[in-house]
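# A closer look at the structure
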Amino acid sequence: MNRSFHYLRTWPLAAVAMAVACSVSAQTETPRSDTSSTSVAQSNTTATTTTAPQRRTHAPGEDSFSVIPYTSHGYVGINAGRHDYDLDCGLGAFSCADKNTSYHLYTGGMFNRYVGAELGYVNLGRMDRGGGKSEAHGINLSLVGRLPLGVVHLFGKVGTTYGRSEVTASPLSGIPTGKASGWEGSYGAGIGFDLSPRSSIVVEWNRYDIRFVGVGKREVDTTSIGYMHRF
């Protein structure tokens, strides 16, 4: 009977010990599950971070080509319009008027968002005067300043032109005839309207100083409209 009483007295202690052991076991197993979940989450995050750069996209015009050294975001364009020669009509009743159309072919690039450079060929048409004609053309190199305003941009140009001119006329007109050439200044301004990220319509005015035989430097103005395409 003493042995039975001993079993009855120690059984509650054994039950308490088993309950405590189960509780401790449950508490130690739960963090393992959390740790595994955390590890999986971290692994997924790492995988996402690792693969994200592979889906990088480029904006239109990024890393674009330009033929002008040290520039990017290159472009080409063509303009056509009217011209105005600062030349007198000479003596007599000869016709005196600006004829044909002037045009400008050019390419350029940007050093940064606001400043670039441009190289082009300009044909300044001709002026009929003194029973003959006066005409000029040349190669132009300019610095370009650009101000973006959404789908519209303003721009200005200042540079130099190597121009060549030729004058023919009647001896009765008193106009010197012959050829002349040389470097002179040029400048202009305009506005562009973006049709898309790569194309624009431009309207601009330019003034070119051109050498003419017998009279030296004279101004030739152009007003034109054109199309510009960005690479």
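Our subject is the structure that appears above.
For clarity, every value in this text was computed on a predicted model and none was experimentally measured.

### Digging into unusual backbone geometry
Despite not being glycine, H73 has its phi angle at roughly 50 degrees, a positive value. The class of H73 is partly exposed, set by a relative accessible area of 38%. Its identity is not glycine, yet N100 carries a phi of approximately 65 degrees, on the positive side. Relative to the helices and strands, N100 resides in the loop between β2 (97-99) and β3 (102-110).

### A short note on the packing of aromatic side chains
On inspection of all chains with the given rule, the structure shows 6 aromatic pairs. Over the ring of Y106 we find K157, and its NZ or CZ is 5.1 Å from the ring centre.

### Digging into the side chain of S170
Structurally, S170 can be placed in the loop between β6 (152-167) and β7 (178-196). Those residues in contact with S170, other than ones at most four positions away along the chain, are F94, G130 and G131.

### Notes on the environment of R230
Tracing the chain through its elements places R230 in strand β9 (residues 216-230). A residue is classified by how much of its surface remains accessible, and R230, at 14% relative accessible area, is buried. In this structure the C-alpha to C-alpha distance between R230 and T107, which are 123 residues apart in sequence, comes to 9.5 Å. One polar contact links R230 to D194, side chain to side chain, over a distance of 3.3 Å. Within the local environment of R230, its side chain forms a polar contact with the backbone oxygen of P197, the two atoms lying 3.2 Å apart.

### Some words on the environment of S66
Summarising the element assignment, S66 is placed in the loop between α1 (2-51) and β1 (72-85). Taking the relative accessible area as the measure of exposure, S66 reaches 12% and is therefore buried. Residues S66 and M110, spaced 44 residues apart in sequence, show a C-alpha to C-alpha distance of 8.4 Å. When residues no more than four places from it in sequence are discounted, the contact partners of S66 are T71, S72, G74, G108 and G109. Engagement of the side chain of S66 in a polar contact is seen with the backbone nitrogen of I68, the distance being 3.2 Å.

### A closer look at the pairing of β1
Bridge count for β1 against β3 is 8 bridges, and the pairing is antiparallel. Residue pairing in the sheet places V76 in a bridge with T107 of β3. Across 11 bridges, β1 lies against β9 in antiparallel orientation. Bridging across to β9, Y85 finds its partner in V220.

### Here we look at the state of the cysteines
Applying the stated criterion across every chain yields a total of 1 disulfide. The disulfide bridge from C89 ends at C96, spanning 1.8 Å between sulfur atoms. Disulfide C89-C96: torsion about the S-S bond near -70 degrees, hence left-handed.

Rules used in this analysis
Residues numbered from 1 in each chain as written. Predicted model: local features only at pLDDT ≥ 70, side-chain atom pairs only at ≥ 80, totals over all residues. Heavy atoms only, no water. Buried < 20%, exposed > 50% of the residue type's maximum accessible area, 1.4 Å probe, protein only. Helix = DSSP H or I, 4+ residues; strand = E, 2+ residues; numbered from the N terminus. Phe/Tyr/Trp six-rings, centres within 6.5 Å; stacked < 30°, edge-to-face > 60°. Lys NZ or Arg CZ within 6 Å of the ring centre and 35° of its normal. Contact = heavy atoms within 4.5 Å. Polar contact = N/O pair within 3.5 Å; in protein donor to acceptor, adjacent residues only side chain to side chain. Pairing = 2+ DSSP bridges. Disulfide = S-S within 2.5 Å.

Scope: geometric values only; no functional claims are made or implied.
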